[in-house]
Amino acid sequence: MPAEPSLVAAEPLAAFEKRYGETALFLAYARNRRTQFALRQGATAIGGLILWALVSPVAAVVAVCLALLGEGVEIGVLTLAQRRLADGQTMAQVRGWAAAAALFRAATIAVCVQILLVAAPMTAAEMLALCFLMAASVNAGFALSHFPVAAKAKLWIFGLCAAGHLVHGLWYNAGLASDQVFVVLQMAMLAYMAYTFIAYA
């Protein structure tokens, strides 16, 4: 006896949902965040060395600890979310916590960037800090297809970090000084590069 048409149509839909549905994409995102932990610490180590050289050992230790705290919170929450989903909970029940952890992670990165921008107010340090911010934005943007809520939350934090630095410079210089024009153009170029990377991905 042939199968019901509705059942036949439902089979490929179920297979697609299992592989590309919201839960499947989130689980892939969570796995990648965990497996790429060591790779991301290369950037943490480089940032720590830059702060050690340009600011102080204390600033370097504080920033590295902040970065690792953000990593630990995000990975811990994602691991818990994976377990909850395996136990039968839905994405609606874990999405908020996972997004909040991503927001916290982005905030720790933004604070580390601001430490370098404020404590080492020199052109080279500023460029390095903004490059770190761009790299973090690109990394966050790659997750737009898998966990858009977290990716957008991170991008908002990084955008506010960059905007805050620009506003602080305008306020400190009481206007758009010549060096601030260079900073604006620099930030615009880095933002364009980040956008092209994210859009291509």
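What comes next is a walk through the structure. If you're wondering where the values come from, they're calculated on a predicted model, not measured in any experiment. Position numbers for residues count from 1 along each chain, tracking the sequence in the order it is written. Local features in a predicted model are, by the rule used here, given only for residues with pLDDT of at least 70; side-chain atom pairs are given and counted only at 80 or more, and totals for whole chains, interfaces and linings are based on all residues. With hydrogens and water excluded, all non-hydrogen atoms of the structure serve as input to the side-chain values.

Quick word on a nonpolar patch on the surface
- Surface patches are drawn from residues lacking salt bridges whose relative accessible area is over 30%; two like charges belong together within 9 Å, two nonpolar side chains (Val, Leu, Ile, Met, Phe, Trp, Tyr) within 5 Å. Method for areas: the Shrake-Rupley scheme with a 1.4 Å probe, in which residue coverage is limited to the protein chains shown. A carboxyl oxygen of Asp or Glu within 4 Å of a side-chain nitrogen of Lys or Arg is what we treat as a salt bridge. Judged by side-chain polarity, Leu54, Met122 and Leu128 come together as a nonpolar surface patch covering roughly 220 Å² of accessible area.
- Strands are runs of DSSP state E lasting at least two residues, helices are runs of H or I lasting at least four, and both sets are numbered from the N terminus onward. Within the secondary structure layout, leucine 128 lies in helix α6 (residues 123–141).
- Relative accessibility under 20% of the residue-type maximum defines a buried residue, over 50% an exposed one, and the middle range a partly exposed one, all with a 1.4 Å probe and only protein chains included. Take leucine 128: its relative accessible area is 34%, and that puts it in the partly exposed class.

Here we look at the pattern of salt bridges
- Per the stated rule, a full pass over the model turns up five salt bridges.
- Note that glutamate 22 is salt-bridged to arginine 95, the shortest N-O span being 2.9 Å. Within this pair, whereas glutamate 22 is found in helix α2 (residues 22–35), its partner arginine 95 is found in helix α5 (residues 91–119), the two being separated by 73 residues in sequence.
- On the basis of relative accessible area, glutamate 22 is assigned to the partly exposed category, the value being 40%.
- Ionic pairing is found between glutamate 74 and arginine 33, a salt bridge with its closest N-O pair at 2.8 Å. One end of the pair, glutamate 74, is in helix α4 (residues 57–86); the other, arginine 33, is in helix α2, and 41 residues separate them in sequence.
- When its relative accessible area of 1% is taken as the criterion, glutamate 74 is described as buried.
- Each of Arg33, Glu74 and Lys154 takes part in a single network of salt bridges with overlapping partners.

Quick notes on helix α7 (residues 148–172)
- Counted at 1.5 Å a residue, the expected span for α7 with its 25 residues is 36 Å, and the 36 Å between its end C-alpha atoms agrees.
- By the burial criterion, the buried members of α7 are Ala150, Ala151, Ala153, Lys154, Phe158, Cys161, Ala162, His165 and Gly169. What a helix is expected to span follows from its residue count: subtract one and scale by 1.5 Å.

Observations concerning the packing of α5 against α6
- Note on method: axes are straight lines fitted to C-alpha atoms, helices fitted across the in-contact stretch only, with angles between N-to-C directions ranging 0 to 180 degrees. It is the contact of α5 with α6, at a shortest axis distance of 8 Å, that shows an interaxial angle of 170 degrees. Here α6 runs roughly antiparallel to α5, going by the angle between their axes. The chirality of how α5 crosses α6 is left-handed. Contacts between α5 and α6 involve Ile109, Val113, Leu116 and Leu117 from the first element and Ala125, Glu126, Leu128, Ala129, Leu133 and Ala136 from the second.
- Amino acids are sorted into nonpolar (Ala, Val, Leu, Ile, Met, Phe, Trp, Tyr, Cys and Pro), charged (Asp, Glu, Lys and Arg) and polar (every other residue, Gly among them). Of the residues assigned to the contact of α5 with α6, the class counts are nine nonpolar, no polar and one charged. Oblique is the label for every angle not falling under 35 degrees (roughly parallel), over 145 degrees (roughly antiparallel), or within 65 to 115 degrees (roughly perpendicular). Crossings are classed by handedness, with left-handed meaning an anticlockwise turn of the near helix from the far one by less than a right angle and right-handed meaning a clockwise turn. Contacts: residue pairs with any heavy atoms within 4.5 Å of one another.

Re the packing of aromatic side chains
- Each aromatic pair joins two rings of Phe, Tyr and Trp (for Trp, the six-membered one) with centres within 6.5 Å, and gets the label stacked for planes under 30 degrees apart, edge-to-face for over 60, and tilted for any other angle. Considering all chains together, one arrives at three aromatic pairs under this definition.
- Aromatic side chains phenylalanine 26 and phenylalanine 147 sit 4.9 Å apart centroid to centroid with 75 degrees between the ring planes, which places their arrangement in the edge-to-face category. One end of the pair, phenylalanine 26, is in helix α2; the other, phenylalanine 147, is in the loop between α6 and α7, and 121 residues separate them in sequence.
- Judged by its relative accessible area of 0%, phenylalanine 26 falls in the buried class.
- Take phenylalanine 147: its relative accessible area is 3%, and that puts it in the buried class.
- Summarising the aromatic geometry, the rings of tyrosine 29 and phenylalanine 147 are spaced 5.3 Å apart at their centres and angled 55 degrees between planes, so their arrangement reads as tilted.

So, the state of the cysteines
- Whenever a pair of cysteine sulfur atoms sits within 2.5 Å, that pair is classed as a disulfide. Considering all chains together, one arrives at zero disulfides under this definition.
- Unpaired in terms of disulfides, cysteine 161 finds its nearest cysteine sulfur in cysteine 112, a separation of 10.0 Å.
- For cysteine 161, a relative accessible area of 5% translates into the label buried.

Looking at the packing of α5 against α7
- In the contact formed by α5 and α7, the axes pass within 8 Å of each other and the chain directions differ by 25 degrees. Relative to α7, α5 is oriented roughly parallel. Judged by the twist between their axes, the crossing of α5 over α7 is right-handed. Counted together, Arg95, Ala99, Ala102, Leu103, Arg105, Ala106, Ala107, Ile109, Ala110, Val113, Gln114 and Leu117 of α5 and Val149, Ala150, Ala153, Lys154, Ile157, Phe158, Cys161 and His165 of α7 form the full contact between these two elements.
- For the contact of α5 with α7, the per-class residue count stands at 15 nonpolar, two polar and three charged.

The values are spatial; any link to function lies outside them.
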